[in-house]
Amino acid sequence: MTSKELSAWVMALSAVVISGWVAWEASRGLPASVSEAAWKMLWAIGASIVLNIIAVIIGTIAVSIARREEMKDERADERDKAINDRSMRNAYFVLSLGLLGVLFWQAFGLEAVLAPYALFGISMLAGASFAVSQIVYYRIS
């Protein structure tokens, strides 16, 4: 497993864990205001960043121990760049469709307090599609 694949796995798992946490919190009751909902999503994004950093560090250590050699971040070659480009295209497509859906949802009366949750969910879905695309493209190429 390369460092780029490890990073993609961490991003995918982080998206699932953080999205699950946000959904669990929302199931206990929605915030009273849009501002409060937005602050919750900002905290969730911060938690996602911290979780990614910690998981990559732990993953790198675990892979290095398993291989009995240091795991290094190799320089990106043409294959890596092509995989990144295709994965980014997929994520952009998911993000574009998701945002279009949220705009339609807003046009038809989405409660304002749900908008930060919808935007957060779409962003996490786009990030997860990027990571999963990278995993798939690395496996098939």
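In every chain, residue numbers begin from 1 and rise along the written sequence. Note on the predicted model: pLDDT of at least 70 is required for a residue's local features to be given, and 80 or more for side-chain atom pairs to be given and counted; whole-chain, interface and lining totals, by contrast, use all residues. As a rule here, side-chain values come from all non-hydrogen atoms in the structure, and water together with hydrogens is ignored.

A. Spatial organisation of helix H1 (residues 3-27). In this text, helices come from DSSP runs of H or I with a minimum length of four residues, and strands from runs of E with a minimum of two, each type numbered from the N-terminal end. In this analysis, the expected span of each helix is defined as 1.5 Å times one less than the number of residues it contains. For H1, which comprises 25 residues, the first-to-last C-alpha distance of 36 Å matches the rise-based estimate of 36 Å (1.5 Å per residue) to within 8%. Buried residues of H1: Ser 3, Lys 4, Glu 5, Leu 6, Ala 8, Val 10, Ala 12, Ser 14, Ala 15, Ile 18 and Val 22, and no others. Residues count as neighbours in contact if any of their non-hydrogen atoms are within 4.5 Å of one another. In this structure, the buried residues of H1 make contact with helix H2 (34-67), helix H3 (78-107) and helix H4 (115-140). Where H1 ends, the next residue or the one after it, Gly 29, has phi of about 135 degrees, a positive value. Note on exposure labels: buried denotes an accessible area under 20% of the residue type's maximum, exposed denotes more than 50%, and partly exposed covers the range between, all computed with a 1.4 Å probe on protein chains only.

B. Inspection of the pattern of salt bridges at higher detail. By convention in these notes, a salt bridge is any Lys or Arg side-chain nitrogen within 4 Å of a carboxyl oxygen on Asp or Glu. Applying the stated criterion to the full structure yields two salt bridges. Taking the shortest distance from any N to any O, the salt bridge between Arg 139 and Glu 5 comes out at 3.5 Å. With Arg 139 in helix H4 and Glu 5 in helix H1, this residue pair connects regions lying 134 residues apart in the sequence. The exposure class assigned to Arg 139 is exposed, which follows from its relative accessible area of 52%. Glu 5 sits in the buried class, given a relative accessible area of 9%.

C. Region of interest: the side chain of Lys 4. Here Lys 4 shows up in helix H1. On the basis of relative accessibility, which here comes to 18%, the residue Lys 4 falls in the buried class. The contact partners of Lys 4, leaving out residues within four places of it in the chain, are Asp 73, Glu 74, Ala 76, Asp 80 and Tyr 138.

D. Representation of the nonpolar core in the model. Residues belong to a common nonpolar core when they are buried Ala, Val, Leu, Ile, Met, Phe, Trp, Tyr or Cys residues joined through side-chain atoms within 4.5 Å. In this structure, Ala 15, Ile 18, Val 22, Ala 37, Met 41, Ala 44, Val 113, Tyr 117, Phe 120, Met 124 and Ala 128 together form the largest nonpolar core, which totals 11 residues. Where this core is concerned, the elements lending two or more residues are H1, H2 and H4. Among the elements that make up this core, the one with the highest residue count is H4 (four residues).

E. Layout of the packing of aromatic side chains. Stacked, tilted and edge-to-face are the three classes assigned to paired rings of Phe, Tyr and Trp, where Trp is represented by its six-membered ring and a pair needs centres within 6.5 Å; plane angles under 30 degrees give stacked, over 60 edge-to-face, the rest tilted. Evaluated as defined, the whole model comprises zero aromatic pairs. Note that Arg 28 overlies the ring of Trp 24, its terminal NZ or CZ placed 4.6 Å from the centroid. By definition, being over a ring means that NZ of Lys or CZ of Arg is both within 6 Å of the ring centre and within 35 degrees of the ring normal. When the ring centre of Tyr 137 is taken as origin, the NZ or CZ atom of Arg 86, which lies over that ring, is 4.6 Å away.

F. Region of the structure containing the packing of H2 against H4. Their axes nearest at 9 Å, the elements H2 and H4 cross at an angle of 20 degrees. By the angle between their directions, the pair H2 and H4 is classed as roughly parallel. From H2, Val 34, Ala 37, Ala 38, Lys 40, Met 41, Ala 44, Ile 45 and Ser 48 reach across to H4, where they touch Pro 116, Tyr 117, Phe 120 and Met 124. Under the convention adopted here, Pro, Cys and the residues Ala, Val, Leu, Ile, Met, Phe, Trp and Tyr are nonpolar, Asp, Glu, Lys and Arg are charged, and Gly plus all remaining residues are polar. Taken together, the residues of the contact of H2 with H4 break down into 10 nonpolar, one polar and one charged. The axes are straight lines fitted to the C-alpha atoms, using for helices just the contacting stretch, and the angles between their N-to-C directions are given from 0 to 180°. In what follows, roughly perpendicular refers to angles from 65 to 115 degrees, roughly parallel to angles under 35, roughly antiparallel to angles over 145, and oblique to any angle outside these ranges.

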